[in-house]
Amino acid sequence: MATDQKLARRKLFTLAGAALAAVSLAASPALARDTVKIAFIGPLTGGNSATGLGGRNSAALAVDLHNAKPDAKYTYELVPFDDECKPNVGVQVATKAASDKSIIAGITHYCSAVAIATVDTYNRFGLPVVVWGAVLPEITYGNDYKEIHRVNGTMINEGKMAAEFLTKQGFKTFVVIHDTTDYGKGQNKYFAENLKPQGGEILATFPVPPDQQDFTAELTKVKELKPDVVFIGGLTPLGVRVRSQMDRLGIPAQLAGVSGIMSAGFIEGAGPAAEGTVSFHNGAPLTKYADGKAFMDAYAKAGYREDPDAYGPFAFSAANLIMDAIEKVGPDRKKVRDVLNTTKGYKALVGEINFDDHRQNIVSANVYVSQDGKWVYWPDSAYATGTKKLPGKAASN
């Protein structure tokens, strides 16, 4: 029976074209169902929009596929909001979504600085949300708000993986450039505390505003220090600027950062200079997921222009988790919250979802490298086989 269900689920994914057409049939009088609204909140404009649009598209695909199910109790409508990756804007749109009683739950936030700024709002209005991309641990672990859930991992395991992997590659000395938001500070904290036990040394740390454009002063000092690695504690725009300016100043160090820089936007913005950049992300490649190919086929057939990007699968999984909860208990915020709180063994695109006592999914981090214009899973890369060499000056192992 389990095999039959799995095959049926895959068939649903791969027949996305037919599923999208079936959505219109669900609206016919004979198949009329009550409509339930779900919010999607992420950066749809600005320097982090590649990830935000990929997340929105993935959540929309989940909604369309769910609406095509003949046995679904409700028809779902995704209501998108642009938080611009700005905390003040995020609080505004979170308030707008949470105060709209027709919105039952939310798929919320890629940017950690926004996600941490909005948790009080969701708690105050009683809107259950599932975070799909933000990695700051305090979003779930810094409070006991029953409304806050997260399907992706945190920078704790990403930072640990970064420290372990980079030192195993022979890198010994590091400089950290991090933005001054909670996100950047957290990246610096969790990377630094995991690096020391691995034998790595941080030569200098440079906190910078997230919108800083010119890094000549910081990078001149970096050049003098001659570190093996420049570690970025920030998002794509910061990573692009630092990578480009490192080349201009002739700094040969390896560039690395956790999932904040792992986006199509980084590779596009940095261009050829992105080659060999290493990143660490809680998600596995889609090829490693049982339904990964089916998801990509469905995504392609739906005609989205943007790539789902690194966190699209998590947004897709969050949307399905929410809709399945609503199917169980109806469009009632408190009841949906309570169902989400007890999530264990939920089969999702990104694997099994199990929430701990802070409603945080437990996942493992993975290593990726920018290779030939795309992010490649490290074990599958030419760098792992030795065909290509990382640009940094690693010591011999």
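All of the points below concern the structure found in this document. Model, not experiment: these values are computed from the prediction.

### Section: the packing of helix H3 (residues 49-67) against helix H12 (residues 292-302)
For the pair H3 and H12, interaxial distance at closest approach is 11 Å and the crossing angle is 100 degrees. Judged by the inter-axis angle, H3 sits roughly perpendicular to H12. For the pair H3 and H12, contact is made by Gly54, Asn57, Ser58 and Leu61 and by Phe295, Ala298, Tyr299 and Ala302, respectively. Each residue belonging to the contact of H3 with H12 can be placed in one class, and the counts come to five nonpolar, three polar and no charged.

### A word on the sheet that holds strand S4 (residues 129-131)
Spatially, S2-S1-S3-S4-S5 is the arrangement adopted by the five strands of the open sheet, whose pairing is parallel. Of all strands in the sheet, those with a lone pairing partner are strand S2 (75-82) and strand S5 (148-150), marking the two edges. Direction aside, neighbouring strands of the sheet carry axes that sit 25 degrees apart on average. Both strand S3 (residues 103-108) and S4 contribute to a ladder of three bridges, which runs parallel. If you follow Thr108 over to S4, its bridge partner there is Val131. Running over the sheet, helix H4 (residues 87-98) touches strand S1 (35-42), S2 and S3 and is turned about 155 degrees from S2.

### Looking at the nonpolar core
Among the nonpolar cores identified, the biggest contains 120 residues, and Ile107, Leu166 and Val242 are the most heavily contacted of them. For Leu166, the residues in contact, after removing those within four places along its chain, are Phe171, Phe174, Phe191, Val229, Phe231, Ala256 and Phe280.

### Observations concerning the packing of aromatic side chains
If you walk through the whole model with that rule in mind, you get 15 aromatic pairs. Residues Phe191 and Phe231 carry aromatic rings whose centres are separated by 3.8 Å and whose planes lie at 5 degrees to one another, so their mutual orientation is stacked. Highlighted residues: Phe191 in helix H8 (residues 182-195) and Phe231 in strand S8 (residues 229-233), separated in sequence by 40 residues. Seen in terms of ring centroids, Tyr299 and Tyr304 are 4.9 Å apart; in terms of plane orientation they differ by 45 degrees. Their pairing is tilted. Among the aromatic residues, those joined into a cluster by ring pairs are Phe40, Tyr110, Trp132, Tyr311 and Phe314.

### Re the sheet that holds strand S14 (residues 374-377)
Spatial ordering of the open sheet is given by S7-S6-S8-S9-S10-S13-S14, a layout of seven strands whose pairing is mixed. This sheet does not close on itself; its edge strands, each paired only once, are strand S7 (201-208) and S14. Strand after strand, the sheet turns through a mean of 25 degrees between neighbouring axes, direction not considered. Summarising the sheet, strand S9 (residues 254-258) and strand S10 (residues 278-281) pair through three bridges and their orientation is parallel. Counted as the bridge partner of Gly257 is Ser279 from S10. Most of the contacts of helix H7 (residues 155-168) go to S10, to which it runs at about 145 degrees, and overall it touches strand S6 (173-179), S8, S9, S10 and strand S13 (366-371).

### Structural notes on the state of the cysteines
Within the structure shown, the criterion is met by one disulfide. Across a sulfur-sulfur distance of 2.0 Å, Cys85 and Cys111 are joined as a disulfide pair. Linking Cys85 and Cys111, the disulfide has an S-S dihedral of approximately -115 degrees and is accordingly described as left-handed. Taken together, the positions of Cys85 in the loop between S2 and H4 and Cys111 in the loop between S3 and helix H5 (112-125) put the pair 26 residues apart, joining distant regions of the chain.

### Focus on the packing of H3 against helix H13 (residues 312-329)
Interaxial distance between H3 and H13 falls to 7 Å at its minimum, and their mutual angle equals 35 degrees. When you trace H3 past H13, the crossing you get is right-handed. Of H13, the residues touching H3 (which contributes Gly54, Gly55, Ser58, Ala59, Leu61, Ala62, Val63, Leu65 and His66) are Gly312, Pro313, Ala315, Phe316, Ala319, Asn320, Met323, Asp324 and Glu327.

### What about the environment of His358?
Take His358: it is sitting in the loop between strand S12 (351-353) and S13. Along the primary structure His358 and Ala348 are separated by 10 residues, whereas in three dimensions their C-alpha atoms are 19 Å apart. With sequence-adjacent residues up to four places away left out, His358 is seen in contact with Thr140, Tyr141, Asn143 and Ile148. For His358, the side chain forms a polar contact with the side chain of Asp357, separated by 3.3 Å.

Rules of the game
- Residues numbered from 1 in each chain as written.
- Predicted model: local features only at pLDDT ≥ 70, side-chain atom pairs only at ≥ 80, totals over all residues.
- Heavy atoms only, no water.
- Axes fitted to C-alpha atoms, helices over the stretch in contact; angles between N-to-C directions.
- Helix = DSSP H or I, 4+ residues; strand = E, 2+ residues; numbered from the N terminus.
- Parallel < 35°, antiparallel > 145°, perpendicular 65-115°, else oblique.
- Contact = heavy atoms within 4.5 Å.
- Nonpolar A, V, L, I, M, F, W, Y, C, P; charged D, E, K, R; others polar.
- Pairing = 2+ DSSP bridges.
- Core = buried A, V, L, I, M, F, W, Y, C linked by side-chain atoms within 4.5 Å.
- Buried < 20%, exposed > 50% of the residue type's maximum accessible area, 1.4 Å probe, protein only.
- Phe/Tyr/Trp six-rings, centres within 6.5 Å; stacked < 30°, edge-to-face > 60°.
- Disulfide = S-S within 2.5 Å.
- Left-handed = near helix turned anticlockwise from the far one by under 90°.
- Polar contact = N/O pair within 3.5 Å; in protein donor to acceptor, adjacent residues only side chain to side chain.

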